[in-house]
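# Structure at a glance
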Amino acid sequence: MELTVHRLRFVDWLPYPVTSIAFPPVPPPSPRSPPPPSPARHWFGTLAVGRINGEIELYEWTGAATQSFSPQAWALRKVLPGLQNGKIESLAFSIRQPRRFSLNNPPSLHDLRLFSTGGGTDVLEWDLLAGTIVRSINMNGGSTYALEVNPTSTRLAVACHDGTVRILSIAGSELQMERKLGPAGNDMRMLSVAWGPPVLKTKPSVSSEDDSDDEDEDEAEWDDAWLVSGGSDASIRRWDVRSGTNIARMSVDKDQRSRTKVWAVRVLADGTVVSGDSMGVVKFWDINTSTQFESIKAHRADILCMAIGSDGSSIFTSGIDQTITQCVRLQVTEDDGMIQERWIKTMNKTVHSHDVRALAVWPPYAPFPAARTSKLPFVNPLLSPILVSGGQDMMVYFMACATSSPTILTKRIANPLAPDLRHIHSTAMTFETSRVQRLAYPLDGVVSVAKDARLVVCRRPMELSIWKLRGEDTTPNSALGKPGDFDMVLDMSLNLTTHLIASAISDDGQWLAASDAMEVKLFNLTEMNTGESIQLRPRRIKTISALILQQLSPFLSPSNTPSAAASRLLFTPDSSRLIAVCSPSSHIVVFDLAAPEICAVATFNEHVGAGQGRALKPIPSMATGEKDTQHPPLVTCLSVSYDGQWLASADERGGCHVFNLDTLQRHCTLPSFEVPIRAMTFDPAFPSTLILGQVNNALHAFDVESRTFPEWAKTVFDSPPERTNRLDVNIKSHCMDPKLPLPHQTRRPREKSEKKQKATQSRRKSE
């Protein structure tokens, strides 16, 4: 098979550096009960990646609930758009009501809260389902550098520029100032912060003598005793949370040229404080005596980030020298024959090509006293932990990071990143031997093409650029990168509140649509020939936002404020209609662009939950327990058949619907899949055949007209090539070659579809 491939090297889109990575915390154990048994199923939390341009990417595990491994690991679920001139410095998850959850009943995305700081004075809280900012609070302490949620998800510590640590109360759904610790000095900044192990606090009992043991257990709860902070004055301070006083100060080695900065601090369950500073030294401190008992020269330059292994027996550090170093707690025989535990530098890896800004481990370390009684982590005890890293080179890498132990040698530990069952117990699951994989760039909808007009659109956070391709080069594998192959016809900067989240261009090149988190902007493009070059002149259609609000008003309650934004935009192949998926309501609105005045002709609310159709079962791996009716699921896929008759859409909770654009009614609802759909397209030769792609690289075919999954599809897609299943990247999109029909296609009704399309256009014009 031979395909003509063009590399569009002139598209100047680039991702942004990674500044923070976060996983949700583990639900706290019961105060009086022993450590819980191993959960019946595996749990992989949501991965949040913050970039310097203010955007936050949310990734979900691609494996099904019945699988203990997935070579594709995490797949992009949604992007929280950044504000204009915003950035992300630190991210922190918390559980909304942690006592409601356990390892057998883990929290879903709806049960989590996400906080961020961008180096300014505000701390922001995000709505993870709607993708918007819920609230913000001003610290009044200058720039904020680090966030840390306590182990019980009730308090948030913020390291501030004025040398203080602000503590916010986040119990339940609140976000308010509780206490200020410090300032510690006139000319120092707080750069890092970490909570100490919680202690049991017994509340005075007011119950009668007949109360049960369960009621007595509820009288005990976890409480914070102290926290530590790292500053720019070469010191680590220990703070009493109850009194707000500084009870200890520990000093690191000082540099003669500049003051040493403590960029990272962490605390183990036994109270050991671990610090990483600008001299590249990892130090271990005894909290009882406030003295150093171990020092390791781990890096050649500043240590910018640190993560603790899932079981607390390993420390991972990285920074400016681009290497990731592992320090492990081992039993060492001294010269006198005594066996002691010491921290040893065991391995380093050079994964990134620039500074490493963030490290995170799943499952996260839980510094509860009960964790010391078990040698296995709370979550996924028989699976290898996964280390995730990101930095200035804009890449996010992940790898298995189990510590070498007899448990691994006896093949009791499985590798969650294994390509198949044959390699699930491979020894390549330790940090020394694991294979490094990376997350794909968030390219969803960044580049779109107008096929008939030969235009290419690139979407950046605040700008849209359009190039026109010259001539028709049929040479295979040609590269359209020479100056004579393309012309820049439009470079447009938009006045926006947030970054762009969706864009599309019609095939005839006459319509351009874009949306931020506030409203949709529609432009009519007119070609102007200046003699030397061709330019496009945009004319904005200002009525589109009002039309969206008008269509949504009958479906929303008075308490809900309608939004004119769209998370997905798509033009039909004949360029006569625009389809917009409203955000965050997930209504699908169809606009007629061929009418004398642009108007909305239909609104579908099937993804909201009010539509009629097949009942959907929840997806265990991606949407367990998400039954929030206030925020409908995000529509992740949208596709129109080549004859313009069928519209298919899929959301993040497994809902997949097909609509008839001729009758403007819902046609059918597909049964929900165990793994979400991330790509869909119609067969150009048989427009009624819909091809679905899932995040685990599985493919399915659905016959829209007969409302069935055809038999031929089972033969083709149920036995895909082995290398397809072993790919460590998931499907983002797919296309079909009209010259190569599918196995069931014995005839090609292309001409019939084109005649039907022309007839539909004539009918619309006459109307």
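Bringing the overall build of the protein into the picture now. Scanning the protein from terminus to terminus reveals six helices and 49 strands. Every one of the 767 residues in the protein was classed for burial, and the buried ones make up 56%. When the accessible surface of the protein is split by element, carbon and sulfur atoms take 48% of a total near 33,300 Å².

On to the sheet that holds strand β23 (residues 303-308). Each strand in a sheet pairs with its neighbour through backbone hydrogen bonds, running either in the same direction (parallel) or in the opposite one (antiparallel). Read across the open sheet, the four strands follow the order β23-β24-β25-β26; overall the sheet is antiparallel. Each having just a single partner strand, β23 and β26 (339-350) make up the two edges of the open sheet. If you compare each strand with its neighbour and ignore which way they point, the axes differ by 25° on average. Examined bridge by bridge, strand β24 (residues 314-319) and strand β25 (residues 323-333) share five bridges and lie antiparallel to one another.

Attention shifts here to unusual backbone geometry. The general pattern is negative phi for most residues beyond glycine and trans for most peptide bonds. Put simply, G182 and P183 share a cis peptide bond, and its omega is 10°. As for its placement among the helices and strands, P183 is situated in the loop between β12 (176-181) and β13 (190-195). With an omega of 0°, the peptide bond running from W362 to P363 counts as cis. Looking at the secondary structure, you find P363 in the loop between β27 (356-362) and β28 (386-391).

Let's shift gears to the nonpolar core. By size, the foremost hydrophobic cluster in this structure holds 29 residues, and its most contacted members are L47, W74, I386 and V388. Elements with a contribution of two residues or more to this core: β1 (18-22), β2 (47-51), β3 (56-61), β4 (74-80), β27, β28 and β29 (396-400). Per-element accounting of this core gives the leading share, three residues, to β27. Apart from the residues within four sequence positions on either side, L47 is in contact with I21, A22, F23, E57, L58, Y59, W74, V388 and L439.

A few words now on helix α3 (residues 544-552). Looking at α3, one finds that the buried residues are I544, S545, L547, I548 and L552. Taken end-on, α3 shows its buried residues confined to a sector of 160°, consistent with a single buried face. Buried positions along α3 lie against β37 (520-529), β38 (534-541), β40 (577-583), β41 (588-592) and β42 (599-604).

Here four strands make up an open sheet; going across it, the order is β9-β10-β11-β12 and the pairing antiparallel. Where the open sheet ends on each side, the last strands, each with one partner, are β9 (144-149) and β12. Adjacent strand axes in the sheet meet at a mean angle of 25° when their direction is disregarded. Pairing of β9 with strand β10 (residues 155-160), which is carried by five bridges, proceeds in the antiparallel orientation. Its bridge partner being in β10, E148 is matched across the sheet by A157.

According to the stated counting rule, one finds 26 salt bridges in the structure shown. Across the pair R135 and E125 runs a salt bridge, and its minimum N-O distance is 3.2 Å. Of the two residues, R135 is situated in strand β8 (residues 132-138) and E125 in strand β7 (residues 122-127); the sequence distance between them amounts to 10 residues. Residue R135 is classed as partly exposed on the basis of its relative accessible area, which comes to 30%. Residue E125 is classed as buried on the basis of its relative accessible area, which comes to 3%. Notably, a salt bridge pairs R249 with D233, separated by 3.7 Å at the nearest N-O pair. Note that R249 is positioned in strand β18 (residues 246-251) and D233 in the loop between β16 (226-231) and β17 (235-240), a separation of 16 residues in sequence. Since its relative accessible area comes to 12%, D233 is described here as buried. A cluster of three or more residues bridged by salt bridges with shared partners is formed by R155, E178, D223, D224 and R242.

Right, let's talk about the pairing of strand β46 (residues 665-670) for a bit. Here strand β45 (residues 656-660) runs beside β46; their pairing, made up of five bridges, is antiparallel. Directly across from H657, in β46, lies its bridge partner T669. Here β45 hands over to β46 after four residues, with L664 in that stretch at a positive phi of 60°.

This paragraph deals with the packing of aromatic side chains. Across all of its chains, the model carries 16 aromatic pairs by this definition. Ring geometry for F604 and F659: centres 4.3 Å apart, planes at 20°, overall stacked. Of this pair, F604 sits in strand β42 while F659 sits in strand β45, and the two are 55 residues apart along the sequence. F604 sits in the buried class, given a relative accessible area of 5%. Accessibility expressed as a relative area gives 0% for F659, which makes it buried. Each residue in the set F23, W43, F44, W61, W74, W362 and F398 is aromatic and connected to the rest through ring pairs, giving one cluster. Sitting over the face of the ring of W226, R238 holds its NZ or CZ atom 4.8 Å from the ring centroid. We note K349 situated over the ring of F431; from NZ or CZ to the ring centre the distance is 5.2 Å.

Rules used throughout
- Counting from 1, residues in each chain are numbered in the order their sequence is written.
- The model is predicted, so local features are restricted to residues of pLDDT at least 70 and side-chain atom pairs to those at 80 or more, both for listing and for counting; the totals for chains, interfaces and linings are taken over all residues.
- Side-chain calculation: all heavy atoms of the structure are included, whereas hydrogens and water are not.
- Note on conventions: DSSP H or I runs of at least 4 residues are helices, E runs of at least 2 residues are strands, and numbering of each starts at the N terminus.
- Three labels apply to residues, based on accessible area from a 1.4 Å probe with only protein chains included: buried if under 20% of the type maximum, exposed if over 50%, partly exposed otherwise in between.
- Each accessible area is a Shrake-Rupley estimate made with a 1.4 Å probe; only the visible protein chains count as cover when residues are assessed.
- DSSP bridges decide pairing: two strands pair if at least two such bridges lie between them.
- Here, axes are lines fitted to C-alpha atoms. For helices the fit covers the stretch in contact, and angles between N-to-C directions go from 0 to 180 degrees.
- Remark: nonpolar core denotes a set of buried residues (Ala, Val, Leu, Ile, Met, Phe, Trp, Tyr, Cys) joined through side-chain atoms within 4.5 Å.
- Pairs of residues are marked as contacts when any of their non-hydrogen atoms sit within 4.5 Å.
- When we speak of the arc, we mean the arc of directions from the helix axis to the C-beta atoms.
- Put simply, a salt bridge is a Lys or Arg side-chain nitrogen that is within 4 Å of an Asp or Glu carboxyl oxygen.
- Working definition: rings of Phe, Tyr and Trp (its six-membered ring) pair if their centres are within 6.5 Å, and the pair is stacked with planes under 30 degrees apart, edge-to-face with planes over 60 apart, and tilted otherwise.
- By the criterion adopted, a ring carries a charge over it if an Arg CZ or a Lys NZ lies within 6 Å of its centre and within 35 degrees of its normal.

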